[in-house]
Amino acid sequence: MPDNHPDFDGTPAGHRWVQSLGELRKELLKGARQHQGKGVWFILPHGALVAMSSREDMRRVLRIARRESPTSDKGWEAWVREVQTFAKHLEVEGWTQTPDSSEGFQKCEVLFTEVYSDEQDEPLCSRCKKAPVADKGKFKEDLCVACAIELGNEEIHQKQLQRQKENAESTARSTPKPKPKKHL
Ligand SMILES: [Zn+2]
């Protein structure tokens, strides 16, 4: 078993975390509730700091950081994976991440700000981007009521145009054309 990270060894016992990430999640949520504003923090054996606090608007913020930034691409890749692992096991994948992993990191610090579940569950209309989706998954696009009606009307109109076009074509076809003369 490898030695613990010096940042872990140098941390007071009450802030060292050696249990599972599932247990850590419970402890973070409890700490954020009990010590609002100040929050709670722990250092894990491999040296990552994990902290959670509640903002004034009661949204919780999870902070994951390391004292020292990696010096190689490989090191940064490991950091991105580490952030993803924490996000998954601490169940903050729907929260707002800053900076986003795709933007790249300047230092080993990332914040996850709570997004309430009712905000996550209300996707917006893919057309107007304003109103909530009426029947999610029912149509090709997820639309609000107004846009669904509008799209329905457009489709009816398109079908009418198509039918008019087909009628015009079949009329043209039924008109007898003079037969070409045979060259025999
Ligand atoms: Zn809409």
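The structure this text deals with has already been given above.
Engineer: Give a detailed account of helix H3 (residues 73-89), specifying residues and quantitative values.
Structural biologist: An ideal rise of 1.5 Å per residue puts 24 Å on 17 residues; H3 measures up with 25 Å between its terminal C-alpha atoms. Among the residues trailing H3, Glu91 stands out with phi positive, at a value near 55°.

Engineer: Tell me what's going on with the pairing of strand E3 (residues 60-65), and back it up with residues and numbers.
Structural biologist: Bridge count for strand E2 (residues 49-54) against E3 is six bridges, and the pairing is antiparallel. The residue of E3 that forms the bridge with Ser53 is Val61. Two strands pair when backbone bridges link them, and E3 and strand E5 (residues 109-113) are joined in this way by five bridges, in the antiparallel orientation. Note that in E5 the partner of Ile64 across the bridge is Val110.

Engineer: Residue-level account of the sheet that holds strand E4 (residues 96-98), with values.
Structural biologist: In spatial order, the strands read E1-E2-E3-E5-E4; together these five strands make up an open sheet with antiparallel pairing. One side of each edge strand has no neighbouring strand; the edge strands of this open sheet are strand E1 (40-43) and E4. When the angles between neighbouring strand axes are averaged without regard to direction, this sheet yields 15°. Here E4 pairs with E5 via three bridges, running antiparallel. Bridged to Gln97 within E5 is Phe112.

Conventions used here
- Residues numbered from 1 in each chain as written.
- Predicted model: local features only at pLDDT ≥ 70, side-chain atom pairs only at ≥ 80, totals over all residues.
- Helix = DSSP H or I, 4+ residues; strand = E, 2+ residues; numbered from the N terminus.
- Expected span 1.5 Å × (residues − 1).
- Pairing = 2+ DSSP bridges.
- Axes fitted to C-alpha atoms, helices over the stretch in contact; angles between N-to-C directions.

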